[in-house]
Amino acid sequence: MKKKLSIGIIIVIALMGLIYYQYTTSFSYQYTQGRAAETKKEYSSAVLHYRRALEKKPEDVRTLYSLGNVYSRLGGQKELAKSFLLKAVSLDGNYTQAFSLLLKLYESDGDYDSMENVLKYADGEETKAVFKDFLIKPPVFSQPSGSYDDDIVLTLETPEDESDYQIFYTTDGKAPNGVHGHLYDGSLYLTEGKNVVKAVCRNTNGKFGEVEKRVYRIKYKTPAEPKADPNGGKFTKKKKVTLTADDGCFIYYSWSRKSRTPDASDHKYSEPIEIPKGYHVLSAVAIDRHGKRSKVYHMGFSYYPDK
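Note that the structure is predicted; figures quoted are calculated from it, not measured.

Quick notes on the rules
Along each chain, numbering runs from 1 in the same order as the chain's sequence is written. The model is predicted, so local features are restricted to residues of pLDDT at least 70 and side-chain atom pairs to those at 80 or more, both for listing and for counting; the totals for chains, interfaces and linings are taken over all residues. Excluded from the side-chain calculation are hydrogens and water; included are all heavy atoms of the structure. Starting at the N terminus, helices and strands are each numbered in turn, a helix being any DSSP run of H or I of at least four residues and a strand any DSSP run of E of at least two. Accessibility here uses a 1.4 Å probe with only protein chains present; expressed as a share of the type maximum, an area under 20% marks a residue as buried, one over 50% as exposed, and anything in between as partly exposed. The contact criterion used throughout is that any non-hydrogen atoms of two residues lie within 4.5 Å. Areas reported here follow the Shrake-Rupley algorithm with a probe of radius 1.4 Å; residue values treat only the protein chains shown as occluding. Note that His is not counted, nor are the chain ends; the positive residues are Lys and Arg, and the negative ones are Asp and Glu. Where a charge sits is defined by one atom per residue type, namely NZ (Lys), CZ (Arg), CG (Asp) or CD (Glu). Residues belong to a common nonpolar core when they are buried Ala, Val, Leu, Ile, Met, Phe, Trp, Tyr or Cys residues joined through side-chain atoms within 4.5 Å. Using only the protein atoms, space was sampled on a 1 Å grid; points where a 1.4 Å probe fits but cannot get out form cavities, open sets with protein on both sides within 12 Å along at least five of seven lines form pockets, and lining residues are those with an atom within 4 Å of a point. Grid points are joined across faces, edges and corners, and a volume is the space filled by probe spheres set on the points. All amino acids are sorted into three groups, where Ala, Val, Leu, Ile, Met, Phe, Trp, Tyr, Cys and Pro are nonpolar, Asp, Glu, Lys and Arg are charged, and the leftover types, Gly among them, are polar. A pair is scored as a salt bridge if a Lys or Arg side-chain nitrogen falls within 4 Å of a carboxyl oxygen belonging to Asp or Glu. In protein, a polar contact means a hydrogen-donor-capable atom and an acceptor-capable atom, both N or O and within 3.5 Å, with residues adjacent in sequence counting only if both atoms are side-chain atoms; elsewhere, any N or O pair within 3.5 Å suffices. A helix is expected to span 1.5 Å for every residue after the first. In short, DSSP must find at least two bridges between two strands for them to pair. Axes, fitted as lines to C-alpha atoms, cover a helix only where it is in contact. Angles between the N-to-C directions of the axes lie from 0 to 180 degrees. Any angle from 65 to 115 degrees is called roughly perpendicular, while one under 35 is roughly parallel, one over 145 is roughly antiparallel, and all others are oblique. Helix crossings fall into two classes, left-handed where the near helix is turned counterclockwise from the far one by less than a right angle and right-handed where it is turned clockwise.

1. Some remarks on the overall build of the protein chain
Step number 1: The helix and strand tally for the protein chain stands at eight helices and 17 strands.
Step number 2: If you line up the protein chain on its principal axes, its C-alpha atoms span 160 × 35 × 30 Å.
Step number 3: Considering the protein chain as a whole, with its 307 residues, one finds that 38% of them fall into the buried category.
Step number 4: Taking the intrachain contacts of the protein chain between residues at least 6 apart in sequence as the baseline, contacts between residues at least 24 apart amount to 56%.
Step number 5: Here the protein chain displays about 18400 Å² of accessible surface, and carbon together with sulfur accounts for 50% of that area.
Step number 6: For the protein chain, the distance from the average site of its 46 positive side-chain charges to the average site of its 39 negative ones is 6 Å.

Here is the structure:
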């Protein structure tokens, strides 16, 4: 009897041990222990328990979110955090908490492309509403970056269907979503030089979004040398000379015995001019609205009337 009793006790103990082992290695136990460790801010221990729980249920979105949350609090583990959260939202498009944390991590990296990409997993208006404070697209520029030979009138517009956004900008390359940003209320007039324009939208909650940068290098072109018709020559009858230049340029000219450089204090061309008697050199220059001067036109004209 004693022997049978001893065997029975051993079997009971073994069964209790097996039950305890199964319980302590179960998903429920490991997840609960992970939550307890996380509450105490014992994040390394929490990770250990959550990973054991995930081995039991690899697609449990609560555990995936919890791992993402814990890893986001551990230094240097942001990429791991994002990977678990991404899997969670891909499995449950209504898990707003997971979406919100994932978007915060993307935002801290300025990774707006990933934000836009993860939007495809969002189901329902409540989940999509989470993106309103994160996926704030940049303003639309009227001109692309590049090199230009004249001033630019640049306009900025809010993204489509976001007319309630405000636009802030800078033209010196500084961040527009800070103390240097100017509230946009009309077109920007860009002049000669390197213009670095940065612009950003701010939503109705006062949150800034993605910054857009454009660089405009403006160098005024030199006006072309004026043209004359006729282009010099000898004449025995009265003749007028027609001068032409690039659009927007004024022409100044002078008649003299030798070549000279005219300027704005000389005659301003407005209509064909008569060739004076004798031999004269017509000198003409084109000056545009920026004060840029062309090369000077010089040509000799002789007018000796028939006797």
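2. Considering the nonpolar core
Step number 1: With 36 residues, the main nonpolar core has Leu 67, Leu 85, Ala 98, Leu 103, Met 115, Val 118 and Phe 131 as its most contacted residues.
Step number 2: Secondary structure elements with two or more residues in this core: helix H2 (27–39), helix H3 (43–56), helix H4 (61–73), helix H5 (78–91), helix H6 (96–109) and helix H7 (112–118).
Step number 3: Those residues in contact with Phe 131 that sit more than four places away from it in its chain are Phe 99, Leu 103, Met 115, Val 118, Leu 119 and Ala 122.
Step number 4: Ile 136, Leu 154, Tyr 216 and Tyr 220 belong to the second-largest nonpolar core, a separate cluster that totals 17 residues.

3. Considerations on the layout of surface pockets
Step number 1: The volume enclosed by the largest pocket comes to roughly 340 Å³.
Step number 2: Leu 119, Lys 132, Leu 135, Lys 137 and Glu 162 are the residues nearest the centre of the largest pocket, which is lined by 14 residues in total.
Step number 3: Looking at the lining of the largest pocket, the element that brings in the most residues is helix H8 (residues 124–130), giving three residues.
Step number 4: Per-class residue counts for the lining of the largest pocket are six nonpolar, no polar and eight charged.
Step number 5: In this structure, the second largest pocket spans a volume of roughly 210 Å³.
Step number 6: Around the second largest pocket, the lining is made up of 13 residues, and of these Asp 150, Lys 221, Asp 247, Asp 288 and His 290 lie nearest the centre.
Step number 7: Looking at the lining of the second largest pocket residue by residue, the classes come out as three nonpolar, three polar and seven charged.

4. Some words on the side chain of Glu 38
Step number 1: With respect to the helices, strands and loops of the structure, Glu 38 is situated in helix H2.
Step number 2: In this structure, Glu 38 is buried with no salt-bridge partner, the nearest side chain bearing the opposite charge being Arg 35 at 4.3 Å.
Step number 3: Here Tyr 50 takes part through its side chain, which lies 2.6 Å from a polar atom of the side chain of Glu 38.
Step number 4: Apart from the residues within four sequence positions on either side, Glu 38 is in contact with Tyr 43, Ala 46, Tyr 50, Ser 66, Asn 69 and Val 70.

5. Thoughts on the environment of Glu 157
Step number 1: Within the element layout of this structure, Glu 157 appears in strand E4 (residues 156–157).
Step number 2: As a C-alpha pair, Glu 157 and Tyr 121 span 36 residues in sequence and 29 Å in three-dimensional space.
Step number 3: Not counting the four nearest positions on each side in its chain, Glu 157 is found in contact with Pro 139, Val 140 and Ile 167.

6. Observations concerning H6
Step number 1: For H6, with 14 residues, the first-to-last C-alpha span of 20 Å sits near the 20 Å given by 1.5 Å per residue.
Step number 2: Along H6, the residues classified as buried are Ala 98, Phe 99, Leu 101, Leu 102, Leu 103, Leu 105 and Tyr 106.
Step number 3: Positive phi appears at Gly 110, one or two residues downstream of H6, with a value of about 65°.

7. Focus on the environment of Pro 58
Step number 1: On the secondary structure map, Pro 58 appears in the loop between H3 and H4.
Step number 2: With relative accessibility at 45%, the residue Pro 58 sits in the partly exposed group.
Step number 3: The sequence separation of Pro 58 and Pro 176 amounts to 118 residues, and the corresponding C-alpha distance is 44 Å.
Step number 4: Those residues in contact with Pro 58 that lie beyond four places of it in its chain are Leu 64 and Lys 87.

8. Comments concerning the sheet that holds strand E2 (residues 146–148)
Step number 1: Here we have five strands laid out as an open sheet, ordered E2-E9-E8-E5-E6, and mixed in their pairing. This sheet does not close on itself; its edge strands, each paired only once, are E2 and strand E6 (182–183).
Step number 2: Bridge count between strand E5 (residues 166–170) and E6: two bridges; the pairing is antiparallel. Bridge pairing in E6 places Phe 168 opposite Leu 183.

9. Brief notes about the packing of H4 against H6
Step number 1: Where H4 contacts H6, the axes come no closer than 10 Å and their chain directions differ by 30°. For the element pair H4 / H6, the angle class is roughly parallel. Crossing of H4 over H6 shows left-handed handedness. Contacts between H4 and H6 involve Tyr 65, Gly 68, Asn 69 and Ser 72 from the first element and Gln 97, Ala 98, Leu 101 and Leu 105 from the second.
Step number 2: Considered class by class, the residues forming the contact of H4 with H6 number four nonpolar, four polar and no charged.

On their own, these measurements won't tell you what the molecule is for.
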